[in-house]
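Residue-level structural notes
Each chain is listed here by its residues.
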Amino acid sequence: MVIGAGHAGIEAALALARLGFSTILVTQNLDAIGRMSCNPAIGGIAKGNLVREIDALGGQMAKLIDASMIQFRMLNASRGPAVQAPRAQADKALYAALARRSLEAQSGLSLFQDTVVDLLLDSSARVRGVLTERGNHIRARTVVLTTGTFMEGRLFIGDWSAPGGRLGEPAAEGLGASLRRRGFTVGRLKTGTPARGLGRSLDTARMALQQPDPVMRPFSFSTERIERPVVPCWVTYTNEQTHRIIRDNIHRSPLYGGKIVGRGPRYCPSIEDKVVRFPERARHQVFVEPEGLGTDEVYLNGVSSSLPEEVQEAFLHTLRGLESLQIVRPGYAVEYDYLDPTQLGPGLMTKAVDGLFVAGQTNGTSGYEEAAAQGLVAGINAALHLQSREPLVLSRAEAYIGVMVDDLVTRGTEEPYRLFTSRAEYRLSLCHDTADIRLLRHGRMVGLQDAGAEERLERKLRSVEEIRELLRSRKVAGVDADALVALASHRGRSFEQALRDPKIAISELAAREPLLENYAGEWLSLAETAVKYAGYVRRQDDLVGRFRSLEDKRIPPGFDWDTAAGFSTEAREKLKRIRPASVGQASRIPGVRPPDIAVILVHLRRAR
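How each quantity is defined
Residues numbered from 1 in each chain as written. Predicted model: local features only at pLDDT ≥ 70, side-chain atom pairs only at ≥ 80, totals over all residues. Heavy atoms only, no water. Pairing = 2+ DSSP bridges. Helix = DSSP H or I, 4+ residues; strand = E, 2+ residues; numbered from the N terminus. Axes fitted to C-alpha atoms, helices over the stretch in contact; angles between N-to-C directions. Contact = heavy atoms within 4.5 Å. Buried < 20%, exposed > 50% of the residue type's maximum accessible area, 1.4 Å probe, protein only. Phe/Tyr/Trp six-rings, centres within 6.5 Å; stacked < 30°, edge-to-face > 60°. Lys NZ or Arg CZ within 6 Å of the ring centre and 35° of its normal.

Details of the sheet that holds strand 13 (residues 186-193)
The pairing of strands in a sheet happens through backbone hydrogen bonds and is either parallel or antiparallel. Spatial strand order, 12-11-20-13: 4 strands in an open sheet with antiparallel pairing. Of all the strands in the sheet, the pair left with one neighbour each is strand 12 (160-163) and strand 13. Pairs of neighbouring strands in the sheet enclose a mean axial angle of 20°, with direction left out of account. Alignment of strand 11 (residues 154-157) against strand 20 (residues 332-339), held across 3 bridges, turns out to be antiparallel. Within the sheet, the bridge partner assigned to Arg154 lies in strand 20 and is Glu335.

Things to note about the sheet that holds strand 10 (residues 143-145)
Here we have 5 strands laid out as an open sheet, ordered 6-2-1-10-21, and parallel in their pairing. Each having just a single partner strand, strand 6 (109-113) and strand 21 (356-358) make up the two edges of the open sheet. Here strand 10 pairs with strand 21 via 3 bridges, running parallel. Residue pairing across strands places Val144 opposite Phe357, the latter belonging to strand 21. Sheet strands in contact with helix 1 (residues 7-18) are strand 1 (2-3), strand 2 (23-27), strand 6 and strand 10, and its direction is about 165° off that of strand 2.

What to know about the pairing of strand 5 (residues 85-90)
By the criterion of burial, strand 5 is predominantly enclosed, with 6 of the 6 residues buried. The sheet contact formed by strand 3 (residues 41-43) and strand 5 spans 3 bridges and is antiparallel. Bridge pairing in strand 5 places Ala41 opposite Gln89. Pairing of strand 4 (residues 69-75) with strand 5 involves 6 bridges; the strand directions are antiparallel. Considered in strand 5, the bridge of Phe72 is made with Ala88.

Here we look at the packing of aromatic side chains
With the rule as written, the count across this model stands at 6 aromatic pairs. Residues Phe72 and Phe219 carry aromatic rings whose centres are separated by 6.2 Å and whose planes lie at 80° to one another, so their mutual orientation is edge-to-face. With a gap of 147 residues between them, Phe72 in strand 4 and Phe219 in the loop between strand 15 (208-210) and strand 16 (233-237) connect regions that are remote in the sequence. On the numbers, 6.0 Å between centres and 45° between planes, the contact of Tyr533 with Tyr536 is tilted. One aromatic cluster in this structure is built from Phe559, Trp561 and Phe567. Above the ring of Phe221, the side-chain terminus of Arg52 is found at 4.1 Å from the ring centroid.

The values reported here are purely geometric and, on their own, carry no functional implication.
Written out as C-alpha cells, the structure is:
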C-alpha cells in the first residue's frame, strides 16, 4: 500500500507494481494526483540532477516533465559541470493528467479514494494494513507513507485559519495523532506559496522578458527529442513601496503573530521574511511564470505570503507590470505534521515498525524532486523487503539521492530540507548527465530497467570513448585566419591537449573534425568534461576511496551501544538513537567525535 498520491506516492506505487507486487494507492482525492502545489516547474540546481537519477533508476518523473514542459533552461550553463542543472516549466494540468494516466494504466496497481487514519500492526510491531476514515480495514504487508502537507495540515491567510493540506482541499486528520500515540516523534513544519493572477491583467511590456533556451533538452535518458510549444517568462522586482506596505502590516502575518509554530524553509523565505531579515535589500526578484497552455493563470515566484488578502493585493500592485494584476488565488501558509527522519533506517523503513516506509515531505523535505526521489527509494525497498533482500542504499559518493537520504536519516532536520550542490562532498562526480552511468545498473538489478536501457548506456559509453580516441589521435594542424588565437597556440598538439585549455571548447574542435560532428552534443560534453577536469576527478576519486573504506565497515544491527565501553555520554545517546549501519554513517552523526569513531573501530576489530 502507498498512502498519498503526490510526487513521492506516484513513484512508490509505480515501483512496487512494476516489480510485480499487487499494490493499492490510497488518496483523499483522485482528481488531485500529481498536483503541483507550488511552483509549476521541475528541476533546478541539484534538483535537476535528482530527476535524472530518478530516471536512471527506472522512475517516472523525467518522462512526465518531458511530455509536459513548456519552457526549458540549463541553469549555470556558463559555469562548471558540477553546478549545471536542467530546469523546465511544466503545463501543470497536463503534468498531473499524465501522472494519473500512468498510474491508471499500470497493471497490478489499484487506486482508492479514502483517508487513512491509523495503522494496523500485529503483536510483533509489523505493519499489517490501515484503518480509513470511512471504517475500511485494508490489509497490506508493507505500507509507504507519503502524506505531503496534508497530515494534520492547517492553512493560514492573515487572521483566517482552517484545516487543510492545500487551499480548497481538506487535511488528513487522525493519522498524525495515531503516530504520536504509537511513540513516533512527530513535529510541525511550515511552507507557503504565493498568489496566482490572470495573465491578461499583466503589463508584460513593463517587465523583463526571460526567453527559454533555444532547444528543449530531455530529462529522461530514453527521450530522444522534445517538440512542444514554448512560452516565455518575465522578471519584475519589489521596491521600497512594496516593503513599506509589508512592514506596516507585519503584525497581521500569522507567522509573526505567533499562530504558526512550525519552522519554515530558510532557503525559500516568504516575502515577509525577506523584508524583515534583509532590511538592507532595496528590491527582491520576482519571476512571473505561466502555469500552462490551457490556462491564463500565472505563478508569482518569489512573493510567497500569508498576509491578509487585501495586503497581498496592495503590495503586489506596487510591482512594475503588476499594477492591474487580478488575483485568482491568494498566497497562503500551510503547517503540517512530519516524522523525525532519524527514526528511519537508510532504506527509509521505520526502525519501530517493520514494513512501514516513509517518504517525501512526511520526512521533512521540501520540493517535488526530493519527494519523488524518496518515493522511488521507498517503493524499491518496500519491494526488496517483501523479497527478504537487502535494501538499496545509495552512497553519498554515487548519487544526490544518497546525499539526501543520508542527511535525513543521520542528521535529521528541523526545517524543510532542500537539496543543494553544496551538500554533496563529491559533486564533480554527480553531474546530471552521468546519472545513468552511475545508477542504471541499480535500476537493472532491482528490475525497473530493461535490456534496452542497458544497451543505450553501453552505446553512450562506447561513443564517449570513441570521441576521446579521436581527440587523442587528431593534431591541431594549419589554423585558418578566422580561428581562435588560443587554438593557434596549440598547433602540432593533439586535440585532447588543446582541449585542456579553458579557452577552447570542444565545439571549436568539432568544427575542424567532421567525425566529431556525428556525435550527440551530450556525448561531446561528457568527453569534454572528462578531459578538462581529469586532474580534479583523480583527486576526488582518492577522497571517494577513503570515504568508501569507512562506508564498507559495517556495524551489526544488534551492536550493543549500552555495554560497549569508551564512548562519551552524548555520543552513546546519539549512536543508540540513530543506530548507524556503517562507521562512515556514524562519523556524520552530530555529536559523535573522532575518538568515538576510533572506539567503534576497536570494538569491531574485537568482534571479528
